[in-house]
Amino acid sequence: MAAVYSGVSLKLKSKTTSWENKLKLAHFAWISHQCVLPNKEQVLLDWARQSLVAFYKKKLELQEDIVERLWIYVDNILRSKKLQNLLKNGKTINLQISLVKIINERIAEFSLSGSPRNIRAVLSCCQTILSTPALAATYTARQELTVALLSRLCWLACRQPEGAVAAQVFEVIHLALGHYLLIQQQQVNPRRAFGEVTGHLLQPCLVLRHLLSGGTWTQAGQGQLRQGLSRDVRGQIEALLRGGVFQPELLSSYREELLDQEQGDAKMGVMKNLLAPMDTVIARLVDASYCEPSLHTAVVASSVALLYKLFLDSYFKEGTQLLCFHVLPRLFGCLRISHLPEGQIQALSASDWTAELLVVEQLLTSVADSNVYNIATDRIRHGEAQFRFYRRLAELLINHAQAPVPAWFRCLKILMSLNHLILEPDLDDLLASAWIDAEVTEFRTKKAQEVLIGTLFQTYVKLRQVPRLFEEILGVICRPAAESLRQPVLASGPSAAFRECLLESPPSQVLDTWSLVLDKFQTLVLPHLRGDTDMALKSLSLSSLLHCILFNMRSLDSSTPLPVVRRTQRTMEGMLQALVRPLLALLLDPPGLELELWLQKVSDSALLLSHTWAQVDAMLSLNCSQYQPVSGTLAGGAREISSLSLLLPGIEAQHWKKIEKLTAQFDSLGRYCLEQLYLQKMKRTLMQTSFQSEEALRTLRCDAAYILGSGRKSLDQRTAASWDGQVATVNALTYPVAHWHLIVSNLTILISYLCPDDVRYLASVLLRTLPMSRAQEFSAGEEPNITLEKASQAVLHSPFFPEMQTLHSAFLTCIAARCANVLCSGVQTDPSLLHQQLPWLFEKDGMAVTQWEKRFAKVGPAGEELRGEIAPNLLSLVKSDFPIQLEEEQLESILGLLDIVSSLQLDSLSTPHHVHYFLLLLAMAVTKLGGSCSSSLTLKFLTTCYWLLGYLQRGRNARAVLKVMYASDIFEIILTSLLQVSSRFLTDLHDPCWSEFLQVIGTFLEQLMQMLIQRKLGLVLNFGKILAFLSRTYTEATSGRQSENQNPLGQQLLLVSLTKLCQVLGPFVKERKQPHEAAPDTLPELLRQAILQTGSVLQLCSVHGAPRGRLPAAFVSSVSTLLEADVGQGCRHRGTEISQVMGRVQLSHTALYQRVYSHILSELPALAGSTPSFQAAMRFLTLFLLAPELHPKKGPVFASMFHSVRKVLADPAIPSQVIQDLEPHLRALFTHMLEVGTTEDFRMVMWSILQGLDVSNAWKADLPAILSAITLTELLLSCPLGGENARLFWQACPQIVTALTLQNREACREQPVALGVVGRVLDVLAALLRQGEETISNPHHVSLAFSVLLTVPLEHLKPPEYGSIFLKEHNLLFSILQCHPKVMLRASPSFLNCFNRLVFSVMHEGRQKDKGSTDDLPVVLECARLVARMYSHIAARAEEFTVFSPFMVAQYVSEAQKVTLFPAVKSLLQEGVYLILDLCIEPDVQFLRASLQPGARDIFKELHNDYVKHHKGKHEGERRYTV
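This structure is a prediction, so every number in the text was calculated from the model and none was measured.

Reading the values: the criteria
Residues numbered from 1 in each chain as written. Predicted model: local features only at pLDDT ≥ 70, side-chain atom pairs only at ≥ 80, totals over all residues. Heavy atoms only, no water. Helix = DSSP H or I, 4+ residues; strand = E, 2+ residues; numbered from the N terminus. Buried < 20%, exposed > 50% of the residue type's maximum accessible area, 1.4 Å probe, protein only. Contact = heavy atoms within 4.5 Å. Areas by Shrake-Rupley, 256 points an atom, 1.4 Å probe, with all protein chains shown as cover. Axes fitted to C-alpha atoms, helices over the stretch in contact; angles between N-to-C directions. Parallel < 35°, antiparallel > 145°, perpendicular 65-115°, else oblique. Salt bridge = Lys/Arg side-chain N within 4 Å of Asp/Glu carboxyl O. Expected span 1.5 Å × (residues − 1). Polar contact = N/O pair within 3.5 Å; in protein donor to acceptor, adjacent residues only side chain to side chain. pLDDT = per-residue confidence, 0-100. Core = buried A, V, L, I, M, F, W, Y, C linked by side-chain atoms within 4.5 Å. Phe/Tyr/Trp six-rings, centres within 6.5 Å; stacked < 30°, edge-to-face > 60°. Left-handed = near helix turned anticlockwise from the far one by under 90°. Nonpolar A, V, L, I, M, F, W, Y, C, P; charged D, E, K, R; others polar.

## Regarding the overall build of the protein
Logical step 1: A count of helical and extended segments in the protein gives 71 helices and 2 strands.
Logical step 2: Looking at the 1523 residues of the protein, the share that counts as buried comes to 54%.
Logical step 3: Long-range contacts, defined here as pairs at least 24 residues apart, represent 77% of the contacts in the protein between residues at least 6 apart.
Logical step 4: With an accessible surface of roughly 66600 Å², the protein has 52% of that area assigned to carbon and sulfur atoms.

So, in structure tokens, the structure goes:
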């Protein structure tokens, strides 16, 4: 074969050999070991290279596919393991510059033409070269080649290739950038580096970074890899710009250019010729030739903020603030908004404004965060250079207002934060464009506006210039303007900011502001108000301002200085005389009824001020004894209380009637304020000593009726509007919500004085406005605006609702009537006949409840009459074809109503309501359901009905139902109906909804029978009838045709019923000491029959397939109950305890029990998926374990159960959270297993635990085995151990501790950390150390816990995970401190290291992040409380820790220097550190002051001052009185 390949080199160079054969020959020559060529790799690579060079230099003509195959051939050689191994072994392969140049030329060609020919093969070759260090040297040795490649790759990427090509391009860019950054770091010539970046790389890199930042390739199909690669490339581009454009060596050049300073440093002489670096960068940035105009604008905008950030990162330090500022105007000048023509706001589109304002925001944020602007330094040293620039910027922003853009508000907010004088010259225009005249509707924009307004108010509060600010606000409001187009001045956001401003302002300034608004109102608006609609709108704005001032200023009290009280009183009197009365007088004599808008706004304004004045006057008179109410004293004897003149002196009663008549024309603020006035009048009447007189009661009823009736028509419109709760925003749209909110907020006052008709109306509105399904309910993430639904839901869930008995009763009647109407709509037969059978269903207007009241008022045989009426009728209807049928729509309607009913406190209903609701729900439950109702909907409906019936039966009047119907009749009605319905269900036995339904129906039947037991109500009669019915039903189900058409769901219903009968009757029969009935042996006989019947039904269920699949929870629970009752029955006959006769009782269903036992053991892991099934299985296994006569002869029961439990714990399909939920049930079983097990059984358990904890399981990644062993250890620790078992366990404890330590170490090494193992290890170790306080004698085993604590990571965890791991670490550390103090004393440094980790972790997590939310703060606060608690425990052991106390303080202070903590976290930690400072003596404090670093020393000084001020003095005062 060697001869075949002889002369390969000549054949490859031969012109007679075809290119097809040459490629084949070259391929075989490369892969064949029999082709022997000197330096074969270099020869073949050179041949391919020369061929490609010749082709691209036009010296050789080749077909396109041959060229592509040549590139692929070169790539295959470069990628081959063979070549890589040769390079690793030191062999040199000369790649030749010509090949690299060709690659660069091809990439340049692709970037210009976009032709995809050979692109993937060329990029693959380039990627291979760059990723192989020995080959990449060809590029790195010639720096210009790397620069050229990088530039062309970036331009290629900017063409936005698609699919796999884009991914390949970015992989190559990533590699090329990495190589260039290494070259750049080694570059000793800063001029060259600057020239390369600005000349070749700046433009393509900025374009590429802009496209990456915009997420251009996020949908490229590369998933998370693409996002990670995009992030890495952006970071590399920023590093490239920082290392090329902003080198430390260029600082002097920037100074020369920007500050016009002569640089005299001789060492920087080489930099003299490098002129104007910033001009160079800006010229390259604004050059429009390197990309399309639309893209160029966006690139410039995104690059300006980046370049300024990089400049600050590189050069900002103390002394360079002016230099850093001078870059800002230069870069800002690159933005288009800096060159806007005066007055041409339309020069830019909305999207352009958004983009450029975002950049301006970033620039200003950088200035603020870096403290570039210092007001004093700028004014004194630099002639206000910075201030003038910011002023020009502020003028630009205000003159070109962009209220729809959130960034515009944020820019103004930052300028205000920098210096309020920047915006103060244009304060009026700012207030107009950003607040009063701004049209803001979008949520994000509203939030930005609110922040700006809040900053504005806070600034002027701190300056104590609130009146100055209000002067400007009033000036803007009173300007001539189209008032009708303005938004309300005080919506929720501005109102909240204004409220905070008033609370923080001194009383004198609040009074100045109040007087200022009054003065402007009186001088500028009131004289021109008559007939002027625009002035009417201005008056409403000023009235809302006055309302906000008066309602939110600090109230006067007895400690208020007298001058302030007197001035307030004068202002109140002046407001009434000069403003409120004149406005009301205008309403009495309007200029014309045709001015409807004027009339509405003036009435709104007048009544808002009237309501505000009356409310504040009353409040001040109550809170401040020195204030004399203008309207007279609130409390006292009888006064004229029939009109509103009581509240506003000087307005006669007949005038109020006219005002009310005018106001009634509009659904607006005026009507709402009039309702508030009537409410205030009611409150004042109630404060009179004569409020119970006939006249006062009549007045109260009239006032309450007026308030409710005022908005009755508007409530009938059923508006979906929302209201922000501010008086100023009440209008025709939001008035119904405001009116309803006023009523429901004051129900406790109104309800006592409403007539029955009004109460019924109120209940109907409440029901109508409630959401009828969970989907309609509001979520926590919505805006906190008020709606009709939210207000009604607040009433429904209020604890006061049941206390308002009249409304509660009316509401119950209303719901019952709605439910009855739906039922009646489904009547299929003659309604008159049904009316005779179920009369209570057709009663109207609450007459049903009234009838029950009358019937229950009777005594004697009336109860028998009631029982004889209802039950037979209902039972006959159920057994025949029930005459009411509901379809899907009707069923959904009833479910919505039942959802509301479930929110009520049904357990405290009155007797008539209780009985009525029980019968109504029972009628619903037995109603026939149409074919349109799905099985799932039917199940949901029945589950809801029977859950509510059970809820009722837990109530205080549950016995009243048994006066109407016998319990046995209820039982029969329900079972008869359910057995009929179940035959039509298309539901699987294992459906969770079916299991839930069985649980609900079982609970209800159990409650019904328990009531018979508790009340001793005809036990033999009722239980006899129940058992007879069940026996009859079973006989029917197993005989004739019905046995052929089996109904598994019906069998389960029958089984549940019998099970509950045994469960209720069994304990009662067992505990019965003496006969209570005429026939003492009747109940035991009934129990025996029930047990036999239950066993028969269980046999029937098992025959028809239940045990062949996964056992239903109901089946297992029934077997357990049967076994318990069976054993209990046998014990009773012998008169002994169960535990004594378990082994001697001959049970009646042994084969069934053993079959279920075997099935449970084999299916236990599958049962773990359902908690009810697993709980039932555990109960059965416990009972089976305690009945030795049931144990199979083959194999010990203990071992079989233990291995089945191990299977559950080691099953990887069962989540760890499920295992933790199952642990209580496992613990109960384990306790009994250990009680009956032998020592050998316990040795088996211990061997299994040690096998599972073996470290080899961690190496094999057998996580289930490890977790099962840890869980078994926890179970053993939670069980009572004694005697030999305890000795064996604690003897193995050292091995367990060591194994847990190793498991923790391996788990912490994994990425990500196996937190499931780590958390359980910490729990088990803590429990071992607590319980082994007396038995763990070797200190080494306790000390191993320290290594565990130091290994567990606390960084990079999600908040829930962090809180959980932190708590477990704390518990373990606390166990050592509390239970092993001697070990802790010997290993104090280790203990403190572990504790300090916790402290530092809390400080890291509790730091104030730049853009982080406070959602995770509760978790951190809980951890901080644990740390403070641990500090207190350490401080309590003063003797052990006195030596270490200064070092603990020093470590806290050093860490506190690095972070800014949330105040709440800092407060908790400092409380703990104060306790450690109590241990420090004066020399310790002096030592800390001397040894700490300067920054930490300041922190310690502040800490110690707070300690002395807040902690030490208080405790010394306490000690003074301590014996």
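## Focus: the packing of helix 23 (residues 443-462) against helix 24 (residues 466-477)
Logical step 1: Running from amino to carboxyl end, helix 23 crosses helix 24 at an angle of 140°, the nearest separation of the two axes being 8 Å. Here helix 23 lies oblique to helix 24, going by the angle between them. Two secondary-structure elements touch here, helix 23 through Leu456, Phe457, Tyr460 and Val461 and helix 24 through Val466, Arg468, Leu469, Phe470 and Ile473.

## Some details on the environment of Met535
Logical step 1: Within the fold, Met535 resides in helix 27 (residues 533-552).
Logical step 2: Measuring from C-alpha to C-alpha, the distance between Met535 and Cys478 comes to 8.5 Å, with 57 residues separating the pair along the chain.
Logical step 3: With sequence-adjacent residues up to four places away left out, Met535 is seen in contact with Leu524, Val525, His528 and Leu529.

## Digging into the pattern of salt bridges
Logical step 1: Under the defined criterion, the tally for this structure stands at 40 salt bridges.
Logical step 2: For the salt bridge of Glu384 with Arg379, the shortest nitrogen-to-oxygen distance reads 3.4 Å.
Logical step 3: Two residues, Lys1466 and Glu1502, come together in a salt bridge whose shortest N-O distance is 3.8 Å. In this pair, Lys1466 is assigned in helix 69 (residues 1463-1477) and Glu1502 in helix 71 (residues 1494-1520), connecting sequence segments 36 residues apart.

## Thoughts on helix 23
Owing to its 3.6 residues per turn, the α-helix aligns residues three or four sequence positions apart on the same side.
Logical step 1: Across its 20 residues, helix 23 extends 29 Å between first and last C-alpha, which sits within 8% of the 28 Å expected from 1.5 Å per residue.
Logical step 2: Those residues of helix 23 that fall on the buried side of the exposure criterion are Thr445, Ala448, Gln449, Leu452, Ile453, Gly454, Thr455, Leu456, Phe457, Thr459, Tyr460 and Val461.
Logical step 3: Next to the buried residues of helix 23 lie helix 20 (406-418), helix 21 (420-423), helix 22 (427-436), helix 24 and helix 25 (492-504).
Logical step 4: N-cap assignment for helix 23: the residue whose side-chain oxygen lies 3.2 Å from the backbone N of Arg444 is Glu442.
Logical step 5: Positive phi shows up at Arg464, right after helix 23, with a value of about 60°.

## Here's the deal with the side chain of Thr787
Logical step 1: Among the structural elements, Thr787 can be located in the loop between helix 36 (756-769) and helix 37 (788-796).
Logical step 2: Take Thr787: its relative accessible area is 13%, and that puts it in the buried class.
Logical step 3: In terms of polar contacts, Thr787 uses its side chain to reach the backbone amide nitrogen of Lys790, at 3.2 Å.
Logical step 4: Look past the residues within four positions of Thr787 in its chain and what remains in contact with it is Ala721, Ser722 and Val737.

## Some details on the confidence of the model for the protein
A low pLDDT score tells you not to read the predicted coordinates there in detail.
Logical step 1: Averaged over every residue, the pLDDT of the protein is 82; residues scoring 70 or more account for 88%.
Logical step 2: Ignoring residues within four places in sequence, the model shows residues 261-274, a span with pLDDT below 50, making 18 contacts including any to other chains.
Logical step 3: For the stretch residues 778-782, pLDDT sits under 50, and the model shows 3 contacts to residues farther than four places along the chain or on other chains.

## Focus on the environment of His210
Logical step 1: The topology assignment puts His210 in helix 11 (residues 190-213).
Logical step 2: Sequence spacing of His210 and Arg234 is 24 residues, and the spatial spacing of their C-alpha atoms is 9.1 Å.
Logical step 3: Residues contacting His210, with those up to four places away along its chain left out, are Leu295, Ala298, Val299 and Ser302.

## Details of the nonpolar core
Logical step 1: Formed by 534 residues in total, the largest nonpolar core has its most connected members in Tyr254, Tyr390, Phe811, Tyr946, Phe1023, Phe1180 and Tyr1452.
Logical step 2: Aside from chain neighbours lying at most four places away, what touches Phe811 is Ala763, Leu766, Leu767, Leu770, Leu796, Phe801, Ile900 and Leu904.

## Some words on helix 25
Logical step 1: With 13 residues, helix 25 extends 19 Å between its outermost C-alpha atoms, agreeing within 8% with the 18 Å of an ideal straight helix rising 1.5 Å per residue.
Logical step 2: Among the residues of helix 25, those classed as buried are Gly493, Pro494, Ser495, Ala497, Phe498, Cys501 and Leu502.
Logical step 3: Tucked inside the fold, the buried residues of helix 25 contact helix 22, helix 23, helix 24, helix 26 (507-525) and helix 27.

## Re the environment of Glu1085
Logical step 1: Residue placement: Glu1085 occurs in helix 50 (residues 1082-1103).
Logical step 2: Each C-alpha atom, one on Glu1085 and one on Gly1024, is 10.0 Å from the other, the two residues being 61 residues apart in sequence.

## Regarding the side chain of Thr734
Logical step 1: With respect to the element layout, Thr734 can be found in the loop between helix 33 (712-715) and helix 34 (735-745).
Logical step 2: On the accessibility criterion, Thr734 (7% relative accessible area) is buried.
Logical step 3: Separated by 3.0 Å, the side chain of Thr734 and the backbone oxygen of Thr729 make a polar contact.
Logical step 4: In contact with Thr734, other than residues within four places in its own chain, are Ser722, Trp723 and Thr729.

## As for unusual backbone geometry
Note: most peptide bonds trans; most residues except glycine with negative phi.
Logical step 1: Positive phi values are uncommon outside glycine, yet Asn371 reaches one of about 60°.
Logical step 2: Unusually for a residue other than glycine, Glu384 sits at a positive phi of about 60°.
Logical step 3: Among the secondary structure elements, Glu384 is positioned in the loop between helix 18 (375-380) and helix 19 (385-399).
Logical step 4: Owing to a relative accessible area of 27%, Glu384 belongs among the partly exposed residues under this scheme.

## Quick look at the packing of aromatic side chains
Logical step 1: Enumeration over the complete set of coordinates arrives at 35 aromatic pairs.
Logical step 2: Plain terms: the ring middles of Trp408 and Phe409 are 5.1 Å apart, the flat faces sit at 75° to each other, and that makes the pair edge-to-face. Each of the two residues, Trp408 as well as Phe409, counts as buried.
Logical step 3: Centroid distance Phe1289 to Trp1290: 5.0 Å. Interplanar angle 85°. Geometry classified as edge-to-face.
Logical step 4: The class for Phe1289 is buried, based on a relative accessible area of 0%.
Logical step 5: A connected cluster of aromatic rings, assembled from ring pairs, spans Phe325, Phe332, Tyr373, Phe389 and Tyr390.

## Things to note about the packing of helix 27 against helix 29 (residues 596-623)
The relative placement of two packed helices is expressed as an angle between their axes plus a distance between the axes.
Logical step 1: Interhelical geometry of helix 27 versus helix 29 gives an angle of 15° and a closest axis separation of 8 Å. Considered as vectors, helix 27 and helix 29 are oriented roughly parallel to each other. As for the relative orientation of helix 27 and helix 29, their crossing is left-handed in sense. Between helix 27 and helix 29, the contacting residues are Thr533, Ala536, Leu537, Ser539, Leu540, Ser543, Ser544, Leu546, His547, Leu550 and Phe551 on the first element and Leu597, Trp598, Lys601, Val602, Asp604, Ser605, Leu608, Leu609, His611, Thr612, Gln615 and Val616 on the second.
Logical step 2: For the contact of helix 27 with helix 29, the per-class residue count stands at 12 nonpolar, 9 polar and 2 charged.

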